[in-house]
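Chain residues, written in single-letter form:
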Amino acid sequence: MKIQLAVPSENAKPIDRMMKEHHIHDYKELFNTALTVLSWCFKEVDNGRVIASLDEKTGKYKELSMPAFGCRRAA
């Protein structure tokens, strides 16, 4: 399957910079990585968990809030 996206140049620059910083070599690798993370997030949310970033020093966390997660919790 071939997927094409039109991304405004002002959005493409930060994407390209992120790819370079994290040694992601092409858009296919970026897309596959993003889908892997999103799939894992959906599985966790489906199991009643929250997706969060934890500050190990303080024990405080910040939950990732995305409309797609809320829809899955409601299901």
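Structure: above.
All values reported here derive from a predicted model rather than from experimental measurement.

Peer 1: Teacher, can you tell me more about the packing of aromatic side chains here?
Peer 2: Any pair of aromatic rings gets described here by the distance separating the centres and the angle formed by the planes. Applying the stated rule across the entire model yields 1 aromatic pair. With 5.9 Å between their ring centres and 85° between their planes, Phe 42 and Phe 69 make a pair best called edge-to-face. Taken as a pair, Phe 42 in helix α2 (residues 27-46) and Phe 69 in helix α3 (residues 67-74) lie far apart in primary sequence, 27 residues in all. The class of Phe 69 is buried, set by a relative accessible area of 1%.

Peer 1: How should the environment of Thr 58 be read in this particular structure?
Peer 2: As for its position among the elements, Thr 58 is in the loop between β1 (52-54) and β2 (61-63). Between the C-alpha atoms of Thr 58 and Ile 15, which are 43 residues apart in sequence, the distance is 31 Å. Side-chain polar atoms of Thr 58 contact the backbone nitrogen of Lys 60, separated by 3.1 Å.

What counts, and at which threshold
Residues numbered from 1 in each chain as written. Predicted model: local features only at pLDDT ≥ 70, side-chain atom pairs only at ≥ 80, totals over all residues. Heavy atoms only, no water. Phe/Tyr/Trp six-rings, centres within 6.5 Å; stacked < 30°, edge-to-face > 60°. Helix = DSSP H or I, 4+ residues; strand = E, 2+ residues; numbered from the N terminus. Buried < 20%, exposed > 50% of the residue type's maximum accessible area, 1.4 Å probe, protein only. Polar contact = N/O pair within 3.5 Å; in protein donor to acceptor, adjacent residues only side chain to side chain.

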